Every structure is written in structure tokens, then in C-alpha cells.
Amino acid sequence: YPKMRKAIFVIALLMTLIPKEAWAQSVKTAKLDSIANKLFAEESYEKSLEIRQKHLSALKEEVGEQDSTYIINLIQLGKCYYRTKQLDKALEVAQQVVDLYGKHVSTTDKNYAFALDNLALYQSTAEKYQEGLANAQKALAVYQNFHENDHDMAVIQMHVAELANFNGDFSKAIQHELLALN
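Residues numbered from 1 in each chain as written. Predicted model: local features only at pLDDT ≥ 70, side-chain atom pairs only at ≥ 80, totals over all residues. Heavy atoms only, no water.

## Quick word on the side chain of Q157
The topology assignment puts Q157 in helix α8 (residues 151–166). Exposure remark for Q157: the relative accessible area of 4% places this residue in the buried category. With sequence-adjacent residues up to four places away left out, Q157 is seen in contact with L140, Q144, H176, L179 and A180. (Helix = DSSP H or I, 4+ residues; strand = E, 2+ residues; numbered from the N terminus. Buried < 20%, exposed > 50% of the residue type's maximum accessible area, 1.4 Å probe, protein only. Contact = heavy atoms within 4.5 Å.)

## What to know about the packing of aromatic side chains
By the definition in use, this model includes five aromatic pairs. Here the guanidinium or amino end of K110 rests over the ring plane of F146, the centre of that ring lying 5.4 Å away. (Phe/Tyr/Trp six-rings, centres within 6.5 Å; stacked < 30°, edge-to-face > 60°. Lys NZ or Arg CZ within 6 Å of the ring centre and 35° of its normal.)

## Some points on the pattern of salt bridges
On inspection of all chains with the given rule, the structure shows five salt bridges. For R52, the salt bridge identified is with D33, shortest N-O distance 2.7 Å. You can see R52 sitting in helix α3 (residues 45–63) and its partner D33 sitting in helix α2 (residues 20–41), a full 19 residues away along the chain. Look at D33 and you get partly exposed, because its relative accessible area is 22%. (Salt bridge = Lys/Arg side-chain N within 4 Å of Asp/Glu carboxyl O.)

Next up, the structure:
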């Protein structure tokens with residue numbers, strides 16, 4: 001028990017060193033995130049978008065735009081734009097996610113692959129098929145490094161297949177569709 005008491009004392013002491021404003025900001029940010037997620041799940045996309053913008057503003061102030069938490073949360077903003085049929089803004093945010101994540105976090109992890117694939121999906125919707133195919137192939141190249149043949153890999157393979165089809169490369173489309181089914 002003495003070690004546990006000492007650990008609790010150290011934690012309590014450290015918590016008193018955190019400025020009250022920063023602690024309150026974290027609570028406020030978490031609450032905004034929760035509300036935005038709830039509204040999105042309820043398909044109240046316009047309201048979710050409004051709250052998500054406030055959440056990201058608070059989060060950016062708290063951790064900065066180079067922090068992975070901020071960058072990952074930008075993805076949800078893009079989804080809000082996409083669901084409210086603001087495709088240009090969704091594309092802009094998706095590109096921003098790829099750029100920020102690649103610059104400040106990594107170009108070799110799964111989140112980067114997912115960001116590229118997300119951008120490719122929006123580009124496909126915008127009928128920017130060549131750009132979309134290039135990004136889907138980049139996502140696939142990153143994800144293949146993990147040697148996992150899972151659901152996420154299949155989704156990326158399907159996006160490559162769809163975009164190859166839209167670009168008229170039918171053999172590549174069939175190849176990736178078959179790989180997705182494995």
C-alpha cells in the first residue's frame with residue numbers, strides 16, 4: 001500500500017501543476033468532440049459540422065495543428081462536409097489531412113494510408129479519377145507494408161479497382177477486385 005499511496009500522491013501533485021485553463025480546455029474540447037460524434041451518428045450532419053468546427057478550433061488552440069490528434073480529427077470534419085454535399089470543402093480538408101499527417105507525423109503508417117484512401121474516395125466522387133487512382137495506389141503501397149490481408153486492405157483494393165475502371169484500365173480493375181475478394 002505505501003507504493004500505491006506514493007503513486008496517488010505523485011499523480012495528485014502533477015495534476016495541481018496543470019493550469020486550470022488547460023484542464024478546462026481539455027474538458028471543453030472532449031465535450032465538443034462527443035457532441036459532434038453523437039450528432040454525426042444521428043445523421044444531423046449540419047449540426048455536427050458546426051460543432052466539429054468549434055471542436056477543431058479549440059483543439060488547435062490546445063495542441064496545435066501539427067499534433068496527430070488534431071490532424072486525425074480533421075478527417076471527421078471532411079466527412080461532415082462530404083455528408084452535407086460540400087464536396088469541394090471535403091476534398092480540401094482531405095488533402096490538408098494528407099499533407100499535415102505526412103509532414104508532421106508519418107508517411108508510412110496505417111493512418112496515412114487511410115487518409116490517402118479517404119482522399120481518393122472523395123476524388124472519385126468528384127470525378128477526379130486519375131488523381132483518385134494515384135492516391136488509392138499510394139494508400140495501397142503504404143498498407144501493403146503491413147502484410148495484413150484484412151477488411152481495410154480489401155476496401156483500399158476495391159477503391160483502386162473502381163478508380164482503375166473509371167480510368168479505363170479494366171485489367172487492373174479486375175486484378176484489384178479479385179485481390180479484394182481474397
